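Each chain, letter by letter, is given below.
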Amino acid sequence: MATVQSTPPQTSTAKTTSKTGNGALYGFLAYLIWGVFPLYFDALKPAGAWEVLSHRIIWTLAVCLIALATTGQLGFLVRLARNPRQLGATTIAGLLIAVNWTVYIQAVVSGHTVEAALGYFLNPLVTVALGVVVLGEKLRLLQWVAVAVGAIACVYLAIDYGRPPWISIVLALSFASYGLMKKRIGGSLSAIQSLTAESAVLTPIAAVVLLILAARGDTTFASHGGVHTVLLLCSGIVTAVPLLLFAAAASRVPLVTIGLLQFITPVLQLLCGVVLLGEHMPAARWIGFGIVWIALLLLTIDSLGAATRARRLARAAENCAI
């Protein structure tokens, strides 16, 4: 009779700890890269937002196709083309992320990095609100308070700006809506397959945009030195790498950890805008950001509390089973 050997508890715990540690590192690197994106897009001047976006889409597709061809995964494109519902959802997701990218790049190159950073601070709050409005999810008390405080912050900042912070609002709404579409698509596509599909549906539009810009003499790809050309060519790698790091992190660490790590990006974007790109940040605007941070703190406390309760329930269930 064969003897079944179980993994020693110490070995299993060590593997889990190592997996979680690696996942946290991948997540940190992903959000770090996204956080310094303003410096990269600022370095692409005098290229405009539409040119940068078009190159980003086209070269991202090229990078993804090479990676998928290397691993023999290109067949998923045929399956996707035969599934109109999934293709339609992927197209909508691609259009939403294109809006997000366009507004973000335009914000950076026009000196509104700080307002863009605010959009990503607001994103978790908008995501929670969309969960209620679109998915009919029920919020806990602290989540309701966080959303209300976030709304107060938007009203305050609108008064301070003399207008609604449209860049922040569009970025938060487009990215939260993108996340909602990804949730509806589900896990049928891997991170790189999803990015490939989204880039593929957008590439014809990007090619047309580049042709129009070239006809108007508004392209900078080959007219501002080799470094500028290389930076535009690298936009595909710069887009794909943090996404793959994020996917690796999401499969290794709890959602709460991802939720905490995501604040690295807007903090770094804010610092890039104020410290390195010289954008002005009046005291009144710091107060507005402070109100947003209070809302995020409440949301974080609620998430940590919910995760702790879930772990306790899981342990209780295990004990009952024993």
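Here is what the cut-offs are and how they apply
Residues numbered from 1 in each chain as written. Predicted model: local features only at pLDDT ≥ 70, side-chain atom pairs only at ≥ 80, totals over all residues. Heavy atoms only, no water. Helix = DSSP H or I, 4+ residues; strand = E, 2+ residues; numbered from the N terminus. Buried < 20%, exposed > 50% of the residue type's maximum accessible area, 1.4 Å probe, protein only. Contact = heavy atoms within 4.5 Å. Areas by Shrake-Rupley, 256 points an atom, 1.4 Å probe, with all protein chains shown as cover. Salt bridge = Lys/Arg side-chain N within 4 Å of Asp/Glu carboxyl O.

Peer 1: Would you mind showing me how to read the overall build of the protein chain here?
Peer 2: When its secondary structure is counted, the protein chain shows 14 helices and 0 strands. Moving toward the C terminus, one meets the helices and strands of the protein chain in the order α-α-α-α-α-α-α-α-α-α-α-α-α-α. Once the C-alpha set of the protein chain is aligned to its principal axes, its extents read approximately 75 × 55 × 35 Å. Here the protein chain holds 322 residues, and 39% of them are scored as buried. When contacts within the protein chain are restricted to residue pairs at least 6 apart in sequence, those whose partners lie at least 24 apart make up 85%. Of the roughly 16600 Å² that the protein chain leaves accessible, carbon and sulfur atoms contribute 70%.

Peer 1: I would appreciate a short explanation of unusual backbone geometry in the present structure.
Peer 2: For residues besides glycine, phi is generally negative; the peptide bonds are generally trans as well. Residue Pro46 is reached from Lys45 by a cis peptide bond, and omega for that bond is 15°. Its place among the elements puts Pro46 in the loop between helix H2 (37–43) and helix H3 (49–71).

Peer 1: What's the story with the pattern of salt bridges in this structure? I'm lost.
Peer 2: Oppositely charged side chains can form a pair if their charged atoms are brought close together. All told, the structure shown has 5 salt bridges when counted by the stated rule. For Glu115, the salt bridge identified is with Arg163, shortest N-O distance 3.0 Å. Here the residue Glu115 occupies a position in helix H6 (residues 113–133), and Arg163 occupies one in the loop between helix H7 (141–161) and helix H8 (166–185), the gap between them amounting to 48 residues. On the basis of relative accessibility, which here comes to 1%, the residue Glu115 falls in the buried class. When the shortest N-O distance is used, the salt bridge between Asp160 and Arg285 registers 2.8 Å. Of this pair, Asp160 sits in helix H7 while Arg285 is found in helix H14 (residues 283–321), placing the two residues 125 residues apart along the sequence. Taking the relative accessible area as the measure of exposure, Asp160 reaches 25% and is therefore partly exposed. Judged by relative accessible area, which is 15%, Arg285 ranks as buried.

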